Every structure is written in C-alpha cells, then in structure tokens.
Number of protein chains: 2
Amino acid sequence: MPDLLKKKNLDILEKEFGTINKLSEQIISGDIRTLSRCITLSESSREDHQIFARAVLGKILPKTGNSLRIGISGPPGVGKSTFIETLGLYLLKKNKKIAVLAVDPSSAKSGGSILGDKTRMEKLSQSEKVFIRPSPAGTTLGGVGRHTREALLLCEAAGYDTIFVETVGVGQSESAVSNIIDIFYLLISPGGGDELQGIKRGIVELADLIIINKADGSLKKDAENIARDYSSAVKLLRPRFNNWVTKVLTCSALENTGIDKIWNSTEEFFQKFNKEREILNYRKDQYRKWLREEIIQNLNKQIYSSTKINGLIEFYENKVLVGDILPSDAAYEIVNNFLKK
Amino acid sequence: MPDLLKKKNLDILEKEFGTINKLSEQIISGDIRTLSRCITLSESSREDHQIFARAVLGKILPKTGNSLRIGISGPPGVGKSTFIETLGLYLLKKNKKIAVLAVDPSSAKSGGSILGDKTRMEKLSQSEKVFIRPSPAGTTLGGVGRHTREALLLCEAAGYDTIFVETVGVGQSESAVSNIIDIFYLLISPGGGDELQGIKRGIVELADLIIINKADGSLKKDAENIARDYSSAVKLLRPRFNNWVTKVLTCSALENTGIDKIWNSTEEFFQKFNKEREILNYRKDQYRKWLREEIIQNLNKQIYSSTKINGLIEFYENKVLVGDILPSDAAYEIVNNFLKK
C-alpha cells in the first residue's frame, strides 16, 4: 500500500473520505453509508480511489469469508428480480442479513448503468437488513470479477451473511461470477423455447441448483415437463463438485411456492461442504485465479506506461495496420524488448 | 517466426504438414483440405502447432481483407442456423463463396465441442462453395477472438467473399466477435418474453441490423409489433457508426421471406462504408485491439515461465490463501520483482 499511494495523496484521500482505520471500523460496525462509499471508491475510474478502497479492503480482510455466496443467473425475462425478492423476504423471516449485488453488463460503449434501480425489488429493498447494489461489469479485463468480488468482501465485513450475485444474460460473466460464489442457481422459465439445446450447456454445467421458475397458472405443466427434461440432462453433465449432484427444482416466485425446497437444498449444499471443508478448498482455488488476474492486469499497466517501449509499440502498431506483420509476431517483439535487461 | 520456432522443429512440422510456402499457396488456390488443416493447427493446444499456423497466416496476410465480415448473434432458439441456411442459399444464387464460422461456447469445464455438426445447415453445407466450421471459443484469455479471427483470415485468403461469424447465447463473446466483423446482425424472435428489457441493451447496441425472425404463421403479428418496439428503442441508442442508423427488419427464414430486404440493407451498409473508407478505419481499430490482446497473452506467458519469479509467485499465493494479503497487493509485489533489473 504505502508503495502504491504516496503519503501526500493518502493524506488528501483520508481527509476527504475518512481514515482507512475509521472507514474499516465503520464498515465492520455495519454502517451502510460507509459500505456504499467504499464500494463506490473501489469502482471509481480513478486509480488512487481504487488503491485507497483496496487499502480499506486489506484492513477488513480478516472479517470476510463468513457469508453464503450465492450466484444467480438465467436468461432475460426468467424473473430473476421477482425470485430474489421472494427468496429474500423468506430469508428475512429467518433473520438473515442479505446483500444483492447485480452485475450490470452495461454497454461497453456507453459505459452507462441500466440495472440497479432498487425498484426492481421493491419490497425487499425496504428492509434495513437488505443491501442492494448494482455492480458494474466494467470494460477492462477482469472487470466483472474485480468489482463484484471487492463489493462482496466489503459486504461480508459489514455483516451480511447471505450474498446474492445476480448476473443477467447467458454469457461469459457467469463464468467470471462462478469464480466468486459458492453455489450457483440457474433460473429457467417454461416456454422459453428450446431450453435443452446444447448451446446453454456451458451455463448449465455451472449450476448447482437448476430452478424452473413460473411454475404457476397455465405454465405449471410446462414447468414440470422442463424440470423432468433437465433432470435427465444434468445426469449427462459433470457436476461442479464431486459430491453434489445438480438438483432441479420448480418454484413460482410470483405465488411464493417452492421457495422452502430451494432454501433447504441450499442449506444441504452448505452443510455438506462445510463439513468436508470443500468450500474452503474451493474458495482457495478462486483466490488463486484472482491473483492470476491481478498479475495480468498489473503487467499490462506496466508495459503501456513504460517509456522504454512506447515508441516501439507505435512502430509495430503501424506495421500491423498496413498488414506487414501479424499482431502475434509484433507482440512477441514488443514484449521481448520490454523484458530485455 | 524463426525466433519462435527452432529450425529443427520447423523441419519436423514442415515434413508432417507440408512447407509453409506450399500450405499458403494451397490455401490461396482455394484448397479446402489445406484450409481446414491450417485452422485445426491454429486451434491446437500445442504451441508449436499454433506458431506454425501463424507462420502460414503471416504468408497469406496480403490476401486477406477482401470479404464481407458478418457477425450473427441472437438468443438460443431464435433460429440462427435456419437463418444462415436460407440467407446462404440466397447468396449462392448471387454467386457468392460463403464461409460460416460458428463460435462454440463449449463448456470451460469439459472443453467439449457441442456445436459444429454440419447437420445444422444441411442444404447449405452440400454446396462446394460453402465452408462451415465451428470455432472453439477456448478457455484462455482472448480465446474467442484469436481462433475465430485466424480462421476468418485463412478463409479470406482461400477466396471466401462472404463470411458469417455466428455466436450463440447473449454474452461477452458478442463483444469479442464485434472486434472481428464489419456488420453485426442481431436475431430476435417474437414470443421470447421481455425483449426490450434493459439487460439486452449492451448487445442491442452492437447491432447494425436487428432482424425479427419467425415472422410467419401465428407469430407474424407479434413479429411486426416487436419490430415496431425495437425501431423505437434503437432511436435511444447510439449506433456503432456515426452514419449508420440501426435498421430493424422482419423475415421468416423458414418461409424464405424478407431475405432480400436484409441483403439489400447489408449491401447498402457496405457501399456506404467502402465509399467513406470507414470500414478501413474500423478494421484498423480492430487490429490495434488485437495487438493489445496479443501483448497481454505474451506477457502472461513470460511471467509464468520465469524461473526468477517462480518461487515468489508461490510465496505470495500462500499469503493470499491464508488471507494475509490482498491478491492485488501480492500481484504488485510479484510484478515489481519480475520487472526489476
């Protein structure tokens, strides 16, 4: 830290936002405003803000790791918000403190935020024991993972014991999120078309629980059929963990049915893994990956800020642009020069 | 190249696969088997194969750049295969040579391939002027971009003048693919639910043409309604290019209606951009990004194969795993030591 942030800058930041010690104490005491502010700092495009937030994170690190980390994904329109609201209200009755981090795949172009208004989970957001927050996916390498993970750790330190990481769409962010969470819910709705076609298999394999939502009204029969199809299908897939067979359940978030089954299965999952310490090993793997991502990002920053290399990158870029050389060969030359003693 | 592949290894590879000169000549002459083989080499997990394929690629580089590069995406079940088949048959009548590269988001876990059987486009694949090929997304950084881009360039050198890059799902691979193609089709089907909800906006913004497929039978009316909704919605979005307003069209790939309108708009798109040389500038931007990706990958390889750093990575990894230090701070120390003279 002291290396990363000059004393003078640190003083300015501490004057503006509070001291690192004070901020971490406030987060640990559960102060929501401080929690929000630190998440905002960690998402800032200003590097000094990020480093400052990370210094706070470093302080609260011993207080992290005590939540159930639950990933939720599913195609658009499947009813993720309603599901989280219904499950969240159920968990509030069990005296849980809940955080919902919604990974926002905001356009890489506009940089704008499209999710995240609390109106999506109106009842849930009214509780004082609930913290709802969009987490920008970001445009940079490792964006999804970094922001969301930092927010998750800060929430854990603030005492949230059940944390949902919601992703929308069916894409690569799921795989990034699976590096952060313990258990992964995949929501499916009946009537969405060719649910079982191979293309979704990559996502299906990430799922520890497959939940067919909207099992109500005229779709109830369909939901049961699809559940049966998925139950057969998951037998063909390798589960994420050796001793957990992916379960397929139906529910109606709208009519509040089937929620208890889902939570029972979730508890069963965590009991199993806490007992066998698999969760711990799994989280260790996640931290290893995280470290690798940070190394890449750091290296990348170094090469582009290197004065020694600057002209050379431009030189090769021009050669690439006129079709003189392949980018891979140009990269080889650039990196070799950068690393040359 | 000579730096990257030792003479001895090169000899062995040239003996096995043919000389680099011969292979590039055969590709340029349109030999499909050589084309296939070189794509396979470029996708190999063996690094010497990759480098060898890239040497061929370097040779044929001057023969690339002459195709219409068309990205096609859309949610599962929208009918992408049928659409490509119908449009492809239409283009065959216009004497086009067509390549279809299907980006296969195969499970990061199993590494298996789930798409790619030619049976998906049965009629189209029977033509000698059509080349259909799955392109593994890969598990590594830049996987989608690299494999698919190399396959695309090889196809261009082989004389394919219309190249479709198909992605499935609605996720980050679209954004990688948009770095490879010129025009982006987004396929939507009526009855898919909440089509206009914000979560798809990131993908919608990538689209130059939004195509409502399945405008037939009982869904025709729905298709027209959705087209109207999208037409209003795209007005709120920034188009990818300043002088191209995203068009919304309907078609039925099944009944072969609306295909001519789609192709006319596509030609209009390319005429516009060829005239204004915007395509050229756009492709240059894509090549700049490509170079940046290659630099990252190369650096990453260097740090992990560095003997100087090896023990240090392990040391800090252990500190990270017991919660002593944040991965970001550990990465800072590791990279600093790696770069220290």
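Look up a bit, the structure's there.
Read on for a plain summary of the structure. (Residues numbered from 1 in each chain as written. Chains lettered and ligands numbered in written order. Predicted model: local features only at pLDDT ≥ 70, side-chain atom pairs only at ≥ 80, totals over all residues. Heavy atoms only, no water.)

Scanning chain A for helices and strands turns up 14 helices and 7 strands. Counting every position in chain A, which comprises 341 residues, the buried fraction comes to 56%. Of the roughly 14700 Å² that chain A leaves accessible, carbon and sulfur atoms contribute 48%. (Helix = DSSP H or I, 4+ residues; strand = E, 2+ residues; numbered from the N terminus. Buried < 20%, exposed > 50% of the residue type's maximum accessible area, 1.4 Å probe, protein only. Areas by Shrake-Rupley, 256 points an atom, 1.4 Å probe, with all protein chains shown as cover.)

If you look at the biggest cluster of nonpolar residues, it comprises 114 residues, and the most contacted ones within it are A:F52, A:C155, B:F52 and B:C155. Setting aside residues no more than four positions away along its own chain, A:F52 makes contact with A:L5, A:L10, A:L13, A:E14, A:F17, A:G18, A:I20, A:L23 and A:L41. (Core = buried A, V, L, I, M, F, W, Y, C linked by side-chain atoms within 4.5 Å. Contact = heavy atoms within 4.5 Å.)

All names here are of chain A. With the rule as written, the count across this model stands at 20 salt bridges over all chains. For D48, the salt bridge goes to R46, with nearest N and O atoms at 2.8 Å. A relative accessible area of 45% means that R46 is categorised as partly exposed. The partner of D285 in a salt bridge is R288, with the nearest N and O atoms 2.6 Å apart. Taken as a pair, D285 and R288 lie in helix α12 (residues 278-305) at a separation of 3 residues, close to a single helical turn. (Salt bridge = Lys/Arg side-chain N within 4 Å of Asp/Glu carboxyl O.)

Okay, the environment of A:V335 next. Positionally, A:V335 belongs in helix α14 (residues 327-339). The class of A:V335 is buried, set by a relative accessible area of 0%. A:V335 sits 23 residues away from A:L312 along the chain, and the two C-alpha atoms are 10.0 Å apart. If we ignore the near neighbours within four places in the chain, the residues touching A:V335 are A:I303, B:I295, B:N298, B:L299 and B:Q302.

Further remarks concern unusual backbone geometry. Residue and element names in this part refer to chain A. Of note, the phi angle at N95 is positive, near 70°, even though the residue is not glycine. Along the chain, N95 turns up in the loop between α5 (80-93) and β2 (98-104). In this structure, N256 is a non-glycine residue whose phi angle is positive, near 60°. Tracing the chain through its elements places N256 in the loop between β7 (247-250) and α11 (259-276).

Before going further, it helps to examine the pairing of strand β4 (residues 162-167) of chain B. Residues and elements named next belong to chain B. Here β4 lies mainly inside the structure; 6 of its 6 residues are buried. Of the two faces of β4, both are covered, the one formed by T162, F164 and E166 as well as the one formed by I163, V165 and T167. Pairing geometry for strand β1 (residues 68-73) and β4, over 5 bridges, is parallel. Residue pairing in the sheet places I70 in a bridge with F164 of β4. (Pairing = 2+ DSSP bridges.)

To continue, consider the pairing of strand β5 (residues 183-188) of chain B. All names here are of chain B. Burial analysis of β5 places 6 of its 6 residues in the buried class, which makes it a mostly covered element. Alternating positions in β5 separate into two faces, I183, Y185 and L187 on one and F184, L186 and I188 on the other, with burial throughout. For β1 and β5, the ladder comprises 4 bridges, and the chain directions are parallel. Its bridge partner being in β5, I72 is matched across the sheet by Y185. Across 4 bridges, β5 lies against strand β6 (residues 209-212) in parallel orientation. Pairing of I188 across the sheet is with I212, part of β6.

Here the focus is the packing of helix α3 (residues 32-43) of chain A against helix α4 (residues 47-60) of chain A. Residue and element names in this part refer to chain A. Taken N-terminus to C-terminus, the directions of α3 and α4 make an angle of 135°; their axes are 7 Å apart at the nearest point. The orientation of α3 with respect to α4, classified from their angle, is oblique. Taken as a pair, α3 and α4 cross one another with a handedness that is left-handed. Residues C38, L41 and S42 of α3 touch α4, and the partners they reach there are H49, Q50, F52, A53 and V56. Per-class residue counts for the contact of α3 with α4 are 5 nonpolar, 3 polar and no charged. (Axes fitted to C-alpha atoms, helices over the stretch in contact; angles between N-to-C directions. Parallel < 35°, antiparallel > 145°, perpendicular 65-115°, else oblique. Left-handed = near helix turned anticlockwise from the far one by under 90°. Nonpolar A, V, L, I, M, F, W, Y, C, P; charged D, E, K, R; others polar.)

A word on helix α1 (residues 7-17) of chain A. All names here are of chain A. Taken together, the buried positions of α1 are occupied by L10, L13 and F17. Down the axis of α1, the buried set is contained in an arc of 65°. They therefore lie on one face. Along α1, the residues that are exposed and aim more than 90 degrees away from the buried face are K7, K8 and K15. Positioned one or two residues after α1, G18 has a phi angle of 110°, which is positive. (Arc of directions from axis to C-beta.)

Turning our attention to the packing of α12(A) against helix α14 (residues 327-339) of chain B. Where α12(A) meets α14(B), the axes come as close as 8 Å, and the angle between the chain directions of the two elements is 50°. With respect to α14(B), the element α12(A) is oriented oblique. Classified by chirality, the crossing of α14(B) by α12(A) is right-handed. Each of A:Y287, A:W290, A:L291, A:E294, A:I295, A:N298, A:L299 and A:Q302 in α12(A) lies in contact with α14(B), whose residues at this interface are B:P327, B:S328, B:A330, B:A331, B:Y332, B:I334, B:V335, B:N336, B:F338 and B:L339. Tallied by class, residues from the contact of α12(A) with α14(B) come to 13 nonpolar, 4 polar and 1 charged.

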